[in-house]
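Fold and contact review
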Amino acid sequence: MAARERRDFSPPGKVCVGAIASASGIKGAVRIASFTERPEDLVAYGPVMYEDGERVFEITLTGRSKKQVLATIAGITDRTGAEAL
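What this report covers is the structure whose coordinates are included nearby. Being a predicted model, the structure only gives us computed values, none of them experimental.

**A short note on the packing of aromatic side chains**
Under the criterion given, the structure shown has one aromatic pair. Here the aromatic rings of Tyr-50 and Phe-57 are separated by 6.3 Å at their centres, their planes lie at 80°, and the arrangement is edge-to-face. A cation over a ring is seen here: Arg-55 above Tyr-50, with NZ or CZ 4.2 Å from the ring centre.

Right, here's the structure in full:
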């Protein structure tokens with residue numbers, strides 16, 4: 001049996017600091033699973049990029065929900081846009 005390969009989707013030289021878990025509300029907010037030691041530190045890295053390395057996002061934290069952070073993303077103004085992420 002062949003060993004399973006680990007798939008790494010991060011662009012070279014980049015670290016995954018979080019993942020959008022779901023949309024939250026109707027105004028484009030999202031829930032983000034933060035992979036940083038303190039979830040709030042997600043924004044300390046400045047703008048973040050999508051896993052494909054093509055899109056860059058400005059994130060503003062708006063609160064916490066259990067182990068996730070609530071945030072808005074510049075340019076995303078409705079639930080449809082948030083769900084597309």
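**Regarding the sheet that holds strand 1 (residues 18-24)**
Strands sit in the order 1-2-6-5 across an open sheet of four strands; the sheet is antiparallel. Every other strand in the sheet has two partners, leaving strand 1 and strand 5 (59-65) as the edge strands with one partner each. The mean angle between the axes of side-by-side strands here comes to 35°, regardless of whether they run parallel or antiparallel. Looking at chain direction, strand 2 (residues 29-34) and strand 6 (residues 68-73) are connected through four bridges and run antiparallel. Residue pairing across strands places Ala-33 opposite Gln-68, the latter belonging to strand 6.

Procedures and definitions
Residues numbered from 1 in each chain as written. Predicted model: local features only at pLDDT ≥ 70, side-chain atom pairs only at ≥ 80, totals over all residues. Heavy atoms only, no water. Phe/Tyr/Trp six-rings, centres within 6.5 Å; stacked < 30°, edge-to-face > 60°. Lys NZ or Arg CZ within 6 Å of the ring centre and 35° of its normal. Pairing = 2+ DSSP bridges. Helix = DSSP H or I, 4+ residues; strand = E, 2+ residues; numbered from the N terminus. Axes fitted to C-alpha atoms, helices over the stretch in contact; angles between N-to-C directions.

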